[in-house]
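# Observations on chain architecture
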Amino acid sequence: MSGGASSAANPLSRVALAVPEGLGLGLSLAGRGTGVALALYIAVDQSYNRTEVLAIGVAVVALATLAAGLATKSAWFPALGGSALFFVGALLWSVDAGIAMLVTGTLAAIGTVLHTHRAGLPLDAPVSAFFVGFGLTSAGVVVLLLLVRG
Amino acid sequence: MTRVLLKLPWFICAPAVVGLAVVFAVSGNYLLGSSFARTFLDEADPLAAALATDNGEVAGDVTEPAASPTPTTGSILATGEFMDTTLYSGSGTAKVIEIADGSLVLRFEDFSVSGGPDLFVVLSTEPDGSGARDGLEVDRLRATDGNINYDIPPGTDVSLYNSVVIYCRRLGIEFSFATLETIP
């Protein structure tokens, strides 16, 4: 997992370096893009206020991380987008599209880690962003529950 | 935390990161997931079902309530409308029904309540839904929406209770309540 001198002895690192170039970036983009589509579908399909607001919120965040990817090569934003989709998908587990959203978030996060590793960059940024995403998602959900009547 | 994790050998670091993600996701779902979950249930009116059975029909086929249930099939003892609380919504009608065989049913009609964790249906002596903590626990909430029947424990003196409360036991919060008014 960690890069640098230990990479040669790390089978995960070898796998990451063996996959086709561009796969990581492709997974990251496709995962978040599909996640945005799923979130919008949930917002339209579900009639429950809180679910609608949560789905629109995560769609905006994931879309923003796609846009941010055009401006910066940092892995922070893509990992944050994947994280938001992953954790909101876990919250919306009772909805089929919510499970799919969790999967797209997972793929986006894995893709971001792959891409970062292949680029020879440390994994601090994507891993940190993933867990920061959990904190931000949790805080956002608590605020939503307080502000939006169910 | 991440820096410390990433300095560990890969065979500790990778499972630790994945494990933490899974633990966070599962705990988030456990604590907050039910706030976004909707469940539907549509059960037949026990009065209509009893009337249909009396007439030789199959109770399960009845979808419409009887227009005017006869006293022989049972009666409605009390009724009330579910109301919102500060943070949560509730709507629909609660009915306390006594079936001809003497059993008591608490029926919710056109019912809807905000989702939440660990929700229970409680009978409270207080008309404003307070005191649910010490009330009579009828059952775990079986669905957030629909027409739902709950069996009231045999021997319960329903005249002692003045409200039906949807109570979150984990948080100790009333989600919605219906003040019961006795039908003369």
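Structure: above.
The structure contained in this document is the topic of the report that follows. Nothing here was measured: the structure is a model prediction, and the numbers come from that model.

### What about the overall build of chain B?
- If you tally the helices and strands in chain B, you get three helices and ten strands.
- For chain B, the sequential pattern of α-helices and β-strands runs α-α-β-α-β-β-β-β-β-β-β-β-β.
- Taken over 184 residues, chain B has a buried fraction of 36%.
- Taking the contacts inside chain B whose residues are at least 6 apart along the sequence as the reference set, 60% of them involve residues at least 24 apart.

### A few points about the overall build of chain A
- Each helix and strand counted, chain A has six helices and zero strands in total.
- Walking chain A from its N terminus toward its C terminus, one meets helices and strands in the order α-α-α-α-α-α.
- Against the 2.2 N^0.38 benchmark of 15 Å for 150 residues, chain A shows a C-alpha radius of gyration of 16 Å, consistent with a compact globule.
- Its C-alpha atoms put chain A at 55 × 30 × 25 Å along the principal axes.
- The buried share of chain A, taken over its 150 residues, is 46%.

### Side note on the pairing of strand β3 (residues 90–99) of chain B
Residue and element names in this part refer to chain B.
- For strand β2 (residues 74–84) and β3, the ladder comprises seven bridges, and the chain directions are antiparallel. Across the sheet, residue Gly80 finds its bridge partner in β3, namely Ala94.
- Here β2 folds back onto β3, and the loop between the two strands holds five residues.
- Bridge count for β3 against strand β4 (residues 104–113) is eight bridges, and the pairing is antiparallel. Residue pairing across strands places Thr93 opposite Glu109, the latter belonging to β4.

### Some words on the environment of Thr51 of chain A
- Note on placement: Thr51 of chain A falls in helix α3 (residues 49–71).
- Apart from the residues within four sequence positions on either side, Thr51 of chain A is in contact with Ile42, Gln46 and Leu92 of chain A together with Phe36 of chain B.

### As for the interface of chain B and chain A
- Listed as interface residues are 23 residues of chain B and, on the opposing side, 28 residues of chain A.
- Taken together, the elements giving at least two residues each to the side of chain B that touches chain A come down to α1 (2–7) and α2 (10–32) of chain B.
- Considering each element in turn, the side of chain B that touches chain A owes the most residues, ten residues, to α2 of chain B.
- Partitioning the side of chain B that touches chain A into residue classes produces twelve nonpolar, eight polar and three charged.

### Digging into α2 of chain B
- Taking 1.5 Å of rise per residue, 23 residues should cover 33 Å, and α2 of chain B covers 32 Å from first to last C-alpha, within 8% of that figure.
- Of the residues making up α2 of chain B, those classed as buried are Cys13, Val17, Ala21, Phe24, Ala25, Asn29 and Leu32 of chain B.
- Packed against the buried residues of α2 of chain B are α4 (76–91) and α6 (124–147) of chain A together with α1 of chain B.

### Here's the deal with the packing of helix α2 (residues 23–45) of chain A against α4 of chain A
Residues and elements named next belong to chain A.
- For the pair α2 and α4, the least separation of the axes is 10 Å and the interaxial angle reads 40°. In this view, α2 runs oblique relative to α4, as classed from their interaxial angle. Crossing of α2 against α4: the hand is left-handed. On α4, the residues touching Ser28, Gly31, Arg32 and Gly35 of α2 are Pro78, Gly81, Gly82 and Leu85.

Rules used throughout
- Every chain begins its residue count from 1, and numbering advances along the sequence as written.
- Chains carry letters and ligands carry numbers; both start at the beginning, A for chains and 1 for ligands, and go up in the order they are written.
- Owing to the predicted nature of the model, reporting of local features is limited to residues with pLDDT of at least 70; listing and counting of side-chain atom pairs is limited to 80 or more, with chain, interface and lining totals taken over all residues.
- Counting from the N terminus, the helices are the DSSP runs of H or I reaching at least four residues and the strands are the DSSP runs of E reaching at least two.
- Exposure is read from a count of other C-beta atoms within 10 Å of each residue's own; the residue is exposed at 12 or fewer, buried at 20 or more and partly exposed in between. C-beta atoms are placed from the backbone.
- By definition, residue pairs are in contact when their C-beta atoms, positioned from the backbone, come within 7 Å.
- Atoms counted for the radius of gyration: C-alpha only. Globule rule: 2.2 Å times residue count to the power 0.38.
- Only when DSSP finds a minimum of two bridges between them are two strands counted as paired.
- Under the scheme applied here, ten amino acids are nonpolar (Ala, Val, Leu, Ile, Met, Phe, Trp, Tyr, Cys and Pro), four are charged (Asp, Glu, Lys and Arg), and all others, including Gly, are polar.
- What a helix is expected to span follows from its residue count: subtract one and scale by 1.5 Å.
- To get an axis, fit a line to the C-alpha atoms, keeping to the stretch in contact for a helix; angles then go from 0 to 180 degrees between the N-to-C directions.
- Each angle receives one of four descriptions, namely roughly parallel if under 35 degrees, roughly antiparallel if over 145, roughly perpendicular if within 65 to 115, and oblique otherwise.
- By definition, turning the near helix anticlockwise from the far helix through less than a right angle yields a left-handed crossing, and turning it clockwise yields a right-handed one.

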